[in-house]
Amino acid sequence: MSGIVAGKVAVVTGGGSGIGRAACEIFAREGASVVVGDINIEGGEETVRLIEQAGGKAVFVKCDVSQAADCEALVNTAVVNFGSVDCAFNNAGVEGESCKLADASEENFMLNYKVNILGVFLCMKYQIKQMLQQENGGAIVNTASDAGLIGVKNLGQYSAAKHAVVGLTKSAALDYATKKIRVNAVCPGPIRTPMLQRIFDESPKVGEAMIAAQPVKRLGEASEIGDAAVYLCSDSASYITGHALPVDGGYMAT
Ligand SMILES: NC(=O)c1ccc[n+]([C@@H]2O[C@H](COP(=O)([O-])OP(=O)(O)OC[C@H]3O[C@@H](n4cnc5c(N)ncnc54)[C@H](O)[C@@H]3O)[C@@H](O)[C@H]2O)c1
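Below, the structure is looked at part by part. (Residues numbered from 1 in each chain as written. Predicted model: local features only at pLDDT ≥ 70, side-chain atom pairs only at ≥ 80, totals over all residues. Heavy atoms only, no water.)

### Things to note about the side chain of Ser 84
- Here Ser 84 shows up in the loop between helix 3 (68-82) and strand 4 (87-90).
- By relative accessible area, which is 13% here, Ser 84 ends up buried.
- Only 3.0 Å separates the side chain of Ser 84 from the side chain of Asp 86, close enough to count as a polar contact.
- If we ignore the near neighbours within four places in the chain, the residues touching Ser 84 are Val 9, Ala 78, Val 79, Gln 130 and Gln 134. (Helix = DSSP H or I, 4+ residues; strand = E, 2+ residues; numbered from the N terminus. Buried < 20%, exposed > 50% of the residue type's maximum accessible area, 1.4 Å probe, protein only. Polar contact = N/O pair within 3.5 Å; in protein donor to acceptor, adjacent residues only side chain to side chain. Contact = heavy atoms within 4.5 Å.)

### Here's the deal with the packing of helix 4 (residues 106-132) against helix 5 (residues 156-175)
- Taken N-terminus to C-terminus, the directions of helix 4 and helix 5 make an angle of 15 degrees; their axes are 9 Å apart at the nearest point. Overall, the two elements helix 4 and helix 5 adopt an arrangement that is roughly parallel. Where helix 4 crosses over helix 5, the handedness of that crossing is right-handed. In this structure, helix 4 uses Asn 108, Phe 109, Asn 112, Asn 116, Ile 117, Val 120, Phe 121 and Met 124 to contact helix 5, whose residues at the interface are Gln 157, Tyr 158, Ala 161, Lys 162, Ala 164, Val 165, Leu 168 and Ala 172.
- Along the lines of polarity and charge, the residues of the contact of helix 4 with helix 5 split into 11 nonpolar, four polar and one charged. (Axes fitted to C-alpha atoms, helices over the stretch in contact; angles between N-to-C directions. Parallel < 35°, antiparallel > 145°, perpendicular 65-115°, else oblique. Left-handed = near helix turned anticlockwise from the far one by under 90°. Nonpolar A, V, L, I, M, F, W, Y, C, P; charged D, E, K, R; others polar.)

### What to know about the site of the ligand
- Inspection of the region around the ligand gives 30 residues, with Ser 17, Asp 38, Tyr 158, Ile 191 and Thr 193 positioned closest.
- Ile 39 is positioned such that a nitrogen or oxygen atom in its backbone is 3.4 Å from a nitrogen atom of the ligand.
- Contact distances for the ligand include 3.0 Å between a nitrogen atom and a side-chain N or O atom of Asp 64.
- Compared with its free state, where it exposes 830 Å², the ligand has 93% of that area covered by protein. (Near = heavy atom within 4 Å. Areas by Shrake-Rupley, 256 points an atom, 1.4 Å probe, with all protein chains shown as cover.)

### A few points about the sheet that holds strand 6 (residues 181-188)
- Reading across the sheet, the seven strands line up as 3-2-1-4-5-6-9 and stay open at both edges, with parallel pairing between neighbours. Unpaired on one side and paired on the other, strand 3 (58-62) and strand 9 (244-247) mark the two borders of the sheet. This sheet shows a mean twist of 20 degrees between the axes of neighbouring strands, independent of strand direction.
- In terms of strand pairing, strand 2 (residues 33-38) meets strand 3 through five bridges, oriented parallel. When the sheet's bridge partners are listed, Gly 37 is paired in strand 3 with Val 61.
- Packed on one face of the sheet, helix 2 (residues 41-53) meets strand 2 and strand 3 and runs near 175 degrees to strand 3. (Pairing = 2+ DSSP bridges.)

### Let's talk about the pairing of strand 2
- Within strand 2, six of the six residues are buried, which leaves it mostly tucked inside the rest of the structure.
- The alternating pattern of strand 2 places Ser 33, Val 35 and Gly 37 on one face and Val 34, Val 36 and Asp 38 on the opposite face, and all of these are buried.
- Sheet topology note: the strand 1 (residues 9-13)/strand 2 ladder contains five bridges and is parallel. Following the sheet pairing, Val 11 is matched in strand 2 by Val 35.
- Taking the sense of rotation as the criterion, the β-α-β connection linking strand 1, helix 1 (residues 18-29) and strand 2 turns out right-handed.
- Crossover connection from strand 2 via helix 2 to parallel strand 3: handedness right-handed. (Right-handed = clockwise from strand over helix to strand, strands pointing away.)

### Quick look at a nonpolar patch on the surface
- A contiguous nonpolar patch, built from Phe 109, Met 110 and Tyr 113 and spanning about 270 Å² of accessible area, is present on the exposed surface.
- Secondary-structure assignment places Phe 109 in helix 4.
- Assessed through its relative accessible area of 42%, Phe 109 is described here as partly exposed. (Patch = residues over 30% accessible without salt bridge, like charges linked within 9 Å, V, L, I, M, F, W, Y side chains within 5 Å. Salt bridge = Lys/Arg side-chain N within 4 Å of Asp/Glu carboxyl O.)

### With respect to the pattern of salt bridges
- Scanning the model with the defined rule gives seven salt bridges in all.
- Where Arg 49 meets Glu 46, a salt bridge forms, and the shortest distance between an N and an O atom there is 2.9 Å. Of this pair, Arg 49 and Glu 46 both sit in helix 2, separated by three residues, roughly a single helical turn.
- Look at Arg 49 and you get partly exposed, because its relative accessible area is 40%.
- As a salt-bridge pair, Glu 224 and Arg 218 come within 2.8 Å of each other at their nearest N and O atoms.
- Relative accessible area serves as the criterion here: at 32%, Glu 224 is assigned to the partly exposed category.

### Things to note about helix 5
- Along its 20 residues, helix 5 runs 29 Å from first to last C-alpha, staying within 8% of the 28 Å computed at 1.5 Å per residue.
- Among the residues making up helix 5, those that are buried are Gln 157, Tyr 158, Ser 159, Ala 161, Lys 162, Val 165, Val 166, Thr 169, Ala 172 and Ala 173.
- Buried positions along helix 5 lie against helix 4, strand 5 (138-143), strand 6, helix 6 (194-202) and strand 9. (Expected span 1.5 Å × (residues − 1).)

Next comes the structure, spelled out in structure tokens:
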């Protein structure tokens, strides 16, 4: 099997939809065995089916990233089925509600906290424990967002959670820099996925304004984030760690 992650084992959260599914398919195409984690069983199983149909290897495990036992089981599934965890893409996320801060609910804050921050922390915790036992360590990529680098109107809690993902990424990269474990983040701009579609459905005007604000005047595709994540997990990125990479058609340059 050839490819930039040939022979490696990858775990991907949120692998049942959007960016996560695209990344799973790219990992498999580039030669990795893939463990697809998602809270959505139907979506996760469909991703496995798509990978197998294309000749790749994948298994699905139901995983709620806000639950420590599920994050541990995700890692164990990879080890039992394929022998290691070489690459991890911690990508599961929720957008939550869109409103000004004083109107936002405590419930939405906790949802953002549990899935977007606690989930990344728990996944990294068990992945790193496993990678420390492996001769070649491993590489982790977390999905943050442009909203993890700048503030975003009406998305304060989401933006706070994504800033936290960048902080966790950079700090973990320093903790394990000498242990052959690299930790990076991708910061997507607006990407055509079911999540973005939900935001556009709620407010078509927001959608139009988002595209108009993009230097490239188009949305990104899920595969464009998947490509970046797989590259950062590959040995081609061997000197890159602690980086939060905008993949956003140039938006962060404005
Ligand atoms: N689409 C965008 O424009 C955009 C922009 C910036 C960042 N992001 C981030 O990219 C990531 C993927 O988003 P997407 O656009 O593909 O969204 P999506 O809604 O299409 O996919 C998200 C996936 O995460 C899963 N998920 C949700 N909660 C979970 C949980 N507790 N445990 C496990 N899985 C869970 C969902 O079931 C779904 O399959 C998210 O972290 C999101 O915040 C997306």
